[in-house]
Amino acid sequence: MKKLINNPDFVVEEMLAGFEAAYPEYIRKLPFHNVVVRKAAPTKGKVALVSGGGSGHEPSHGGFVGKGMLDAAVAGAVFTSPTPDQILEAIKEVGTEEGVLLVIKNYTGDVMNFEMAGEMAQLENIKVASVVINDDVAVEDSTWTTGRRGIAGTVFVHKIAGAKAEAGGTLEEVKEVAEKVIANTRSMGMALTPCIVPAAGKPTFTLDENEMEIGMGIHGEPGTHRDAIKTADEITEHLLSKVLADMSLADGEEVAVMVNGLGSTPLMELFIVNRKVKEILTEKGINIYKTFVGEYMTSLEMAGCSITLLKLNAELKELLDAPADTPAFKII
Amino acid sequence: MKKLINNPDFVVEEMLAGFEAAYPEYIRKLPFHNVVVRKAAPTKGKVALVSGGGSGHEPSHGGFVGKGMLDAAVAGAVFTSPTPDQILEAIKEVGTEEGVLLVIKNYTGDVMNFEMAGEMAQLENIKVASVVINDDVAVEDSTWTTGRRGIAGTVFVHKIAGAKAEAGGTLEEVKEVAEKVIANTRSMGMALTPCIVPAAGKPTFTLDENEMEIGMGIHGEPGTHRDAIKTADEITEHLLSKVLADMSLADGEEVAVMVNGLGSTPLMELFIVNRKVKEILTEKGINIYKTFVGEYMTSLEMAGCSITLLKLNAELKELLDAPADTPAFKII
Amino acid sequence: MLSASDVIYVLEKMGTVIAENKEYLTELDSAIGDADHGINMTKGFDAVKSKLEDIKQKNIDNIGEILKITGMTLVSTVGGAAGPLYGTAFMKAALAVMGKTEVDIRDFQNIMEGALAGVKMRGKAEISDKTMVDALEPAVNILRESKDKELNEIELLNNVRLAALQGMEYTKGIQARKGRASYLGARSIGHQDPGATSSYLLLNTIYQTVEEIKGKDINGG
Amino acid sequence: MLSASDVIYVLEKMGTVIAENKEYLTELDSAIGDADHGINMTKGFDAVKSKLEDIKQKNIDNIGEILKITGMTLVSTVGGAAGPLYGTAFMKAALAVMGKTEVDIRDFQNIMEGALAGVKMRGKAEISDKTMVDALEPAVNILRESKDKELNEIELLNNVRLAALQGMEYTKGIQARKGRASYLGARSIGHQDPGATSSYLLLNTIYQTVEEIKGKDINGG
Ligand SMILES: Nc1ncnc2c1ncn2[C@@H]1O[C@H](COP(=O)(O)OP(=O)(O)O)[C@@H](O)[C@H]1O
Ligand SMILES: Nc1ncnc2c1ncn2[C@@H]1O[C@H](COP(=O)(O)OP(=O)(O)O)[C@@H](O)[C@H]1O
Ligand SMILES: [Mg+2]
Ligand SMILES: [Mg+2]
Ligand SMILES: [Mg+2]
Ligand SMILES: [Mg+2]
């Protein structure tokens, strides 16, 4: 395990210390809690957005705390949902009279821990609502199961719901627009190499030199299948076809694109993927309104990428374009 | 070689196509040339900044083309300086009556190719000046040799000289402030794993599971020495001590810090390094004015990091804080 | 009858067993999950251990209170899915024996009823979803069925843990419909559920530790 | 005397030899540089090859023009350090024979004088800096010393390439002071310089190809 760390047991605490040291102009960390909040939180008169999840997905979620996006991010252990007490602290620190929206990725652990925190917050008379993100089309959707995982599409929810809150939306309105984003966002990913959870010390899965895993989760959960490595164009075609098959996108409609790196894939390769995304969408007559290429929802040092499409309408476009100023996401 | 690519021979062209597809609001690519320029270039009345170098260092340099930073970036083959004809095209496309500043990293190839392009441009009556960045303290400095390499400190030169040009500085003034930044910037890096140049298909060097390379170059050039892997704190201490030993930083002086990831080091680890940077500088009474943690000057998928300090004064602070709006670097 | 200190002893043993099985549980989780179940559970029971020291220091003998503290500690240290599930289980179990300083086998049934109800309420899982419910529900069923039978307590606890064992084994053959493993669809078949395994280990620890306690006790059963 | 088509043939052979040594040159560069010298040079000479087709098509017989096109092509395709260096070398060499349709051994000396001056002007390297200068300068010295001696042309070209070979070998023992290898400091000692090696290969190709041409030529020498 080659990592720039000190002690596997303290990676999250030390990371947050380094994060706080880097961005005092944006955020502050709650002492004794793995919670990062906007420097001047709470923002009076504004619905507060609280998100978070396991660590190891940086810049998610702390990197998106700031103007126009999140009010607080709660960091669990690596790939492990944070506990309700931590989430509750975040809610209490940033909660306003306008209420708090919990933005949760759809993992059983995250949903239960945030739910418990929400219940506790309500006991303290804080108005709480929540949305659950489930953009990963690699997973079959069904009401009988846990449903789909939340992956990189999460960032679009942060951005757009954050803009709505910043614009003075009520809790109901912010929740509604977040759900609109969720309903219109689809993603799928693939991995070339696994990652190593510091406390585990060895890879969660192994892949041969010529193998890739299609549809794996951002915690190294197995995907839909393994396959021999293909070209970037073929891989892009496959991922995008799965994403498109699950959306109703008519000729002339507009989307936002995110090509997300999982950790160790060079930007060069992400742009090569984006080239093909553009080619395919153009062929289909789908207009690209805005593109995001980079690392947004990572999986430690996993190599691979995910592709996300968000179907836009006038309202979503306006909110996507609204200013945001956070350590890892800025719209000017 | 596990890479999301199509053909090793076309990675640069395909990357640029994907880059252009992603950021039409910021940049355009010159047809038939591996040159990216500001969308509305040339910017009348402003000194133009042209930089570039081998590819594989993304987001350098194309990611820094935009308001407040570069006017053009020229992309060579992976880790190979671009050729003079390409650089000349960039100069001609963005050059204004105010002149052009070439911002060159100190590698023999880069210096010679940019120099030749500059000579050609002067034959076409374009005013050209140049600066050479040499921030890497891993390399011994001497007038008898090529001197030091240019690494991540380059981004500070882009930012500050770019701000000066945007503010209406003359070619002489922009060059002067660029040289001030160069004189006050020091960096040093280390690698945990090598990277693979697509056309080569195998790693440039190899490291054992418990080995690291100290002071290696961003093209996989060997460094000062190899060592057993140490903790993040120890590594940070070593790199920073080398950087500090080469700067005269008195108690109470201010610096900008850049903790730069080389490609596959998770942000988590970079923040763990930054935690120690802050601790050491605080101990020494050195004030951190602003911190940048992320991937700015990468080496494909190399694992490791570099630490850069820039000693600030009132002028440099103001220019560092000036707005910038580029795909990979934004100051609001 | 178990005293409060017996219960504390059982809880300590649970911590030991979980720690011993840290790698095993994590290994199981790496096949169909995210390779952390053993790590998370160990972290939680380590925290419980130090809380138990407090409890002993303060001479707390309210078994309901002891279980509640255990549950709250698990909730605030384990994280992931197992944290809220086991946490809720212990907290609901606590309600069943709040105020009691001794518990008998019928109290234990109430404890387990509470635990199971807590898990199902929190996780919304049913039997055959390939979760800890597959170990817990058969165990509770044994206790329910034993209500009117004449059975030695140790024998009964043995049957309880055997039912959990069978439930754990059963998870191998089925497809996950809840939790992280459900994302795998049919690919989850063939793998044993980590949570059902930890549930079995806890029930097995209860059986073994009570047997150990009773063995020392001359009055037996 | 070499005709324009002989010169074209030599340049084509250079391309073949560089391509054959692509891996070797890259390997040398990986020890003290960035592992691309063979790749870059091959790319350049591949481009030269297709330019030579153009030249043949257009029946260009001005050897100065042929060398200038070669130099410009190298400059705009090789990149890195070798591109401007070899490019400048060929362009300066071109000046020495501009307008000529045949070249003799004294023209070759002027070509090499131009090439060496071009490299030194562009790279600011001196002998013993561990660069291609260490192969080129001894070669030029042989040509200079031969000025008043009676020597068979082939023998002279052999001595020229042997001097380059010796210079190339010499680079193994010294520390780099120019180019990417200089960043290594003392760690560069013990490794052969890639650029000196490609320079030797080019001069060796001249010797071998001219010998081949002259062997076919019944008039000899
Ligand atoms: N909805 C649920 N109801 C009951 N048990 C569940 C549920 N979801 C998951 N589990 C149990 O939790 C176990 C996984 O726990 P753990 O690995 O600690 O959490 P995570 O999946 O968040 O990493 C599974 O093996 C399963 O037994
Ligand atoms: N300043 C210089 N003068 C002469 N030759 C040089 C100089 N710098 C480098 N070289 C030659 O260039 C060779 C490296 O070429 P190459 O690998 O193609 O370029 P780069 O170093 O840019 O990757 C070195 O081996 C050396 O012989
Ligand atoms: Mg987990
Ligand atoms: Mg090179
Ligand atoms: Mg797990
Ligand atoms: Mg080289």
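This text goes with the structure placed above it.
In this report, the structure presented in the accompanying data block is examined.

What counts, and where the lines are drawn
- Residue positions within a chain follow its written sequence, with the count starting from 1.
- Following the order in which they are written, the chains are lettered starting with A and the ligands numbered starting with 1.
- Side-chain atom pairs in this predicted model are given and counted only at pLDDT of 80 or more, local residue features only at pLDDT of at least 70, and totals for whole chains, interfaces and linings cover all residues.
- Side-chain measures were taken over the full set of non-hydrogen atoms in the model, leaving aside hydrogen atoms and water.
- Each helix corresponds to a stretch of at least 4 residues labelled H or I by DSSP, and each strand to a stretch of at least 2 residues labelled E; elements are numbered beginning at the N terminus.
- Our radius of gyration is a C-alpha quantity, and the globule rule it is checked against amounts to 2.2 Å times the number of residues to the power 0.38.
- Accessibility here uses a 1.4 Å probe with only protein chains present; expressed as a share of the type maximum, an area under 20% marks a residue as buried, one over 50% as exposed, and anything in between as partly exposed.
- Contacts: residue pairs with any heavy atoms within 4.5 Å of one another.
- In this description, accessible areas are obtained by the Shrake-Rupley approach with a 1.4 Å probe, and a residue is regarded as covered only by the protein chains that are shown.
- Within this scheme the basic residues Lys and Arg register as positive and the acidic residues Asp and Glu register as negative, but His and the chain ends are omitted.
- By convention, charge coordinates are those of NZ in Lys, CZ in Arg, CG in Asp, or CD in Glu.
- All axes are obtained by fitting lines to C-alpha atoms, using only the stretch in contact for helices, and the reported angles, taken between N-to-C directions, cover 0 to 180 degrees.
- Note on terminology: angles under 35 degrees are roughly parallel, angles over 145 are roughly antiparallel, angles of 65 to 115 are roughly perpendicular, and the others are oblique.
- Two helices cross in a left-handed way if the nearer one is turned anticlockwise from the farther one by less than a right angle. They cross in a right-handed way if the turn is clockwise.
- We call Asp, Glu, Lys and Arg charged. Ala, Val, Leu, Ile, Met, Phe, Trp, Tyr, Cys and Pro are nonpolar, and the rest, Gly among them, are polar.
- We call a residue near a molecule or strand as soon as one heavy atom of that residue lies within 4 Å of the molecule or strand.
- Two N or O atoms count as a polar contact when they lie within 3.5 Å, although within protein this holds only if one can serve as hydrogen donor and the other as acceptor, and sequence-adjacent residues are included solely when both atoms are side-chain atoms.
- Basic side-chain nitrogens of Lys or Arg form a salt bridge, by our definition, when they fall within 4 Å of a carboxyl oxygen of Asp or Glu.
- Reported buried area values correspond to the accessible surface (1.4 Å probe) lost by two parts on association, with both partners' losses combined.
- Counted as coordinating are nitrogen, oxygen and sulfur atoms within 2.8 Å of the metal, or 3.2 Å for Na, K and Ca, while water is not included, which may make sites look incomplete.
- Alignment of the copies relies on least squares applied to C-alpha atoms, considering only residues that score at least 70 for pLDDT in both.

1. Quick notes on the overall build of chain C
Inference 1: Summing up its helical and strand segments, chain C has nine helices and two strands in all.
Inference 2: Taking 221 residues into account, the globule formula puts the C-alpha radius of gyration at 17 Å, and chain C, at 16 Å, falls close to it.
Inference 3: A total of 221 residues make up chain C; the buried ones form 59% of that total.
Inference 4: For chain C, long-range pairs separated by at least 24 residues make up 72% of all intrachain contacts whose partners lie at least 6 apart in sequence.
Inference 5: Here chain C displays about 8,900 Å² of accessible surface, and carbon together with sulfur accounts for 51% of that area.
Inference 6: Within chain C, one finds 26 positive and 31 negative side-chain charges whose respective centroids are separated by 6 Å.

2. Here we look at the packing of helix 3 (residues 37-57) of chain C against helix 9 (residues 194-216) of chain C
All names here are of chain C.
Inference 1: Close contact between helix 3 and helix 9 brings their axes to 10 Å; oriented N to C, the two are set at 40°. Viewed along their axes, helix 3 and helix 9 adopt a mutual orientation that is oblique. Between helix 3 and helix 9 lies a crossing of right-handed hand. For the pair helix 3 and helix 9, the contacting residues are His 37, Met 41 and Phe 45 in the first and Pro 194, Gly 195, Ser 198 and Leu 202 in the second.
Inference 2: The residue inventory of the contact of helix 3 with helix 9, partitioned by class, reads four nonpolar, three polar and no charged.

3. Topic: the site of ligand 2
Inference 1: Lining the immediate environment of ligand 2, one finds 21 residues, of which Asp 34, His 37, Gly 123, Asp 193 and Gly 195 of chain D sit closest.
Inference 2: Residue neighbours of ligand 2 fall on chains B and D, so the site bridges chains.
Inference 3: Between His 37 of chain D and ligand 2, the recorded distance is 2.8 Å, taken from a side-chain N or O atom to an oxygen atom.
Inference 4: Contacts to ligand 2 include Ala 81 of chain D, whose backbone N or O atom sits 2.9 Å from an oxygen atom.
Inference 5: Contact with the protein chains removes 96% of the 570 Å² of surface that ligand 2 exposes when unbound.
Inference 6: Looking at the shell around ligand 2, the elements with two or more residues in it are helix 3 (37-57), helix 5 (82-96) and helix 9 (194-216) of chain D.
Inference 7: The leading source of residues in the shell around ligand 2 is helix 9 of chain D, at three residues.
Inference 8: Across the shell around ligand 2, the residue classes break down as seven nonpolar, eight polar and six charged.

4. Overview of the pattern of salt bridges
All names here are of chain D.
Inference 1: Enumeration over the complete set of coordinates arrives at 70 salt bridges over all chains.
Inference 2: In this structure, Lys 56 engages Glu 12 in a salt bridge whose closest nitrogen and oxygen atoms are separated by 2.6 Å. Here Lys 56, found in helix 3, pairs with Glu 12, found in helix 1 (residues 4-20); they are 44 residues apart in sequence, far enough to count as distant.
Inference 3: Between Glu 169 and Lys 172 there is a salt bridge; the shortest N-O distance is 3.1 Å.

5. A short note on the interface of chain B and chain A
Inference 1: Contacts between the two partners involve 60 residues from chain B and, on the opposite side, 60 residues from chain A.
Inference 2: Between chain B and chain A, the buried area comes to about 4,900 Å², and carbon and sulfur atoms account for 66% of it.
Inference 3: For chain B, the biggest contributors to the area lost against chain A are Lys 2, Leu 4 and Met 268 of chain B; these three give 20% of the whole.
Inference 4: There are zero salt bridges connecting chain B and chain A.
Inference 5: Taken together, the connections running from chain B to chain A amount to 21 residue pairs in polar contact (both at pLDDT 80 or more).
Inference 6: At the level of elements, helix 1 (11-22), strand 7 (185-193), helix 6 (232-245), helix 7 (267-283), strand 11 (287-294), strand 12 (303-311), strand 13 (324-325) and strand 14 (330-331) of chain B are the ones that each hand at least two residues to the side of chain B that touches chain A.
Inference 7: By residue number, the principal contributor to the side of chain B that touches chain A is helix 7 of chain B, which donates nine residues.
Inference 8: Split into classes, the residues belonging to the side of chain B that touches chain A amount to 30 nonpolar, 13 polar and 17 charged.

6. Let's talk about the coordination of the magnesium ion (ligand 4)
All names here are of chain D.
Inference 1: Only Asp 34 (OD) and Asp 36 (OD) from the protein reach the magnesium ion (ligand 4) as donors, at distances of 2.0 to 2.1 Å.
Inference 2: Here Asp 34 falls in the buried class, since its relative accessible area comes to 3%.
Inference 3: Looking at Asp 36, the relative accessible area reads 9%, which means it is buried.

7. Overview of the side chain of Arg 275 of chain B
Inference 1: Looking at the secondary structure, you find Arg 275 of chain B in helix 7.
Inference 2: One polar contact links Arg 275 of chain B to Asp 233 of chain B, side chain to side chain, over a distance of 3.4 Å.
Inference 3: Those residues in contact with Arg 275 of chain B that lie beyond four places of it in its chain are Asn 6, Glu 14, Ala 17 and Gly 18 of chain A together with Asp 233 of chain B.

8. Quick word on the relation of the copies chain B and chain A
Between the two chain copies there is a screw-like relation: a rotation about an axis and a shift along it.
Inference 1: Rotating chain B by 180° and moving it 0.0 Å along the rotation axis overlays it on chain A with an RMSD of 0.0 Å. Such a turn and shift between the copies fits a two-fold axis. No C-alpha of chain B lies nearer the rotation axis than that of Ser 264 of chain B, which sits 1.9 Å from it.
Inference 2: Counting the interface residues of chain B, we find that 100% of their copies in chain A are interface residues as well, pointing to one common contact surface.

9. Side note on the site of ligand 1
Inference 1: Around ligand 1, a shell composed of 21 residues is seen, among which Asp 34, Ala 81, Gly 123, Asp 193 and Gly 195 of chain C lie nearest.
Inference 2: Residues lining ligand 1 come from chains A and C.
Inference 3: Within the side chain of Asp 29 of chain C, an N or O atom sits 3.1 Å from an oxygen atom of ligand 1.
Inference 4: Separating a nitrogen atom of ligand 1 from a backbone N or O atom of Gly 123 of chain C is a distance of 2.9 Å.
Inference 5: Put simply, the parts of the chain that give the shell around ligand 1 at least two residues each are helix 3, helix 5 (82-96) and helix 9 of chain C.
Inference 6: The element best represented in the shell around ligand 1 is helix 9 of chain C, accounting for three residues.
Inference 7: Each residue belonging to the shell around ligand 1 can be placed in one class, and the counts come to seven nonpolar, eight polar and six charged.

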